[in-house]
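# Coordinate analysis (summary)
Here is how the chains run, residue by residue.
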Amino acid sequence: MSIARAIFQGCALTDKGLSRARNEDSVGLHITPGADAALAVVADGVGGNPGGDIASKLAVEHLLAAAGAGLPQRRLDNWLRQAVLAANHGVRRQQGRNDAHAGMATTIIAMLARGNRIAVAHLGDSRAYRLRGGRLTALTVDHTVAQAMFEEGTYSREDLARSPYQHVLTRGLGLMDTPDCPSLLHVSEVGDQYLLCSDGLNKVLPERDIQRILTRQCSPQEHARALVTEANAAGGPDNITVALLQRTPKAED
Ligand code: CA
């Protein structure tokens, strides 16, 4: 069974922010020549572990190399999960080669789009959102101690927002040999916009502001620039990374 044709456009942008000495985030975007399939990925190197910047870069390189070898026609969620696990394996292998990289780890959020199917896989607290009909919806749940405490009922929603455990990851890329990596399939609609981001965006800009920016009628490039500019205007305390994918309303059969 074939899936409906769809056309994608996108943009990826990363910025050091205003407080950090360097950028430990990495971002990648691969759109096929016919723009009928796309892969986007954001990784946020885990601070406190040496080599977080290297882990995030390696993870993105692995995903882009897999995309360059050809994006799948079907079973997108399975392909994406396997690609993230292969990237995890690559980072684990590099840890063994160099003592300075022994504990390196990164978050990862990856999205694969073809036809009216969108697969999302992630480890850690980098997020995916969808804007549809002017409304922003989170597609991922953070892998953090704070989120786990909320889910088990120890935390209220208010506790969650001010928890010191918001930054403590329960899952990440490079932390173990075979992480439990959720990969979910969504059905996309014409005009949908998808945002992947590191927490330097979503912990600084409230979701209503992200929604306001993405609702403007402009290109993914302009949206990406506006998101980074507003996060910096709000203090830019962390590296800020965004990848945007839009299922365009044009040229679909
Ligand atoms: Ca971060």
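Here's what I pulled together on the structure shown here. (Residues numbered from 1 in each chain as written. Predicted model: local features only at pLDDT ≥ 70, side-chain atom pairs only at ≥ 80, totals over all residues. Heavy atoms only, no water.)

### Section: the overall build of the protein
Each helix and strand counted, the protein has seven helices and 10 strands in total. By principal-axis analysis of the C-alpha atoms, the protein measures approximately 50 × 40 × 35 Å. Across the 253 residues that make up the protein, the buried fraction comes to 51%. Within the protein, counting contacts between residues at least 6 apart in sequence, those at least 24 apart form 71% of the total. (Helix = DSSP H or I, 4+ residues; strand = E, 2+ residues; numbered from the N terminus. Buried < 20%, exposed > 50% of the residue type's maximum accessible area, 1.4 Å probe, protein only. Contact = heavy atoms within 4.5 Å.)

### Structural notes on the nonpolar core
Core analysis: the largest hydrophobic core is formed by 28 residues, its most contacted members being Leu39, Leu63, Leu80, Val84, Ile108, Leu112 and Leu173. Ranked by size, the runner-up nonpolar core spans 20 residues in total, among them Cys197, Ile210, Ala226 and Ile240. (Core = buried A, V, L, I, M, F, W, Y, C linked by side-chain atoms within 4.5 Å.)

### Some points on the side chain of Ser26
Position of Ser26 relative to the elements: it lies in strand β2 (residues 25-31). At 3.2 Å, the side chain of Ser26 and the backbone nitrogen of Lys57 are in polar contact. Filtering out sequence-adjacent residues up to four positions away, Ser26 remains in contact with Val41, Val42, Ala43, Asp53, Ser56, Lys57, Val60 and Thr241. (Polar contact = N/O pair within 3.5 Å; in protein donor to acceptor, adjacent residues only side chain to side chain.)

### Observations concerning helix α2 (residues 76-97)
Taking 1.5 Å per residue as the helical rise, α2 with its 22 residues ought to reach 32 Å, and the 32 Å between its terminal C-alpha atoms agrees with that figure. Every buried residue of α2 is listed here: Leu76, Trp79, Leu80, Ala83, Val84, Leu85, Ala87, Asn88, Gly90, Val91 and Gln95. Those residues of α2 that are buried are in contact with β3 (37-44), α1 (52-68), β4 (108-114), β5 (117-123) and β8 (183-187). (Expected span 1.5 Å × (residues − 1).)

### Quick notes on the state of the cysteines
The final tally for this structure, using the stated rule, is zero disulfides. Left without a disulfide partner, Cys11 is nearest to the cysteine sulfur of Cys218, which lies 11 Å away. (Disulfide = S-S within 2.5 Å.)

### So, the side chain of Glu24
Looking at the element boundaries, Glu24 is found in the loop between β1 (8-15) and β2. When near neighbours in sequence (up to four residues on either side) are disregarded, Glu24 contacts Ala43, Asp44, Gly45, Val46, Gly47, Gly52, Asp53, Ser56 and Asn239.

### Considering the pairing of β3
The element β3 is largely enclosed, with a buried count of eight among its eight residues. Residues of β3 alternate between two faces, with Ala37, Leu39, Val41 and Ala43 on one and Ala38, Ala40, Val42 and Asp44 on the opposite face, all of them buried. What sits between the antiparallel neighbours β2 and β3 is a turn of five residues, in which Ala35 has the positive phi angle 60°. Two strands pair when backbone bridges link them, and β3 and β4 are joined in this way by six bridges, in the antiparallel orientation. Opposite Leu39, over in β4, you have Leu112 as the bridge partner. (Pairing = 2+ DSSP bridges.)

### Some details on the pattern of salt bridges
In the structure shown here, the tally under the stated rule is 17 salt bridges. Asp159 is the salt-bridge partner of Arg162, the closest N and O atoms lying 3.4 Å from each other. One end of the pair is Arg162 and the other is Asp159, both in helix α4 (residues 157-162) and three residues apart, which spans about a single turn. What you see here is one network of salt bridges that share partners, running through Asp209, Arg212, Arg216 and Glu230. (Salt bridge = Lys/Arg side-chain N within 4 Å of Asp/Glu carboxyl O.)

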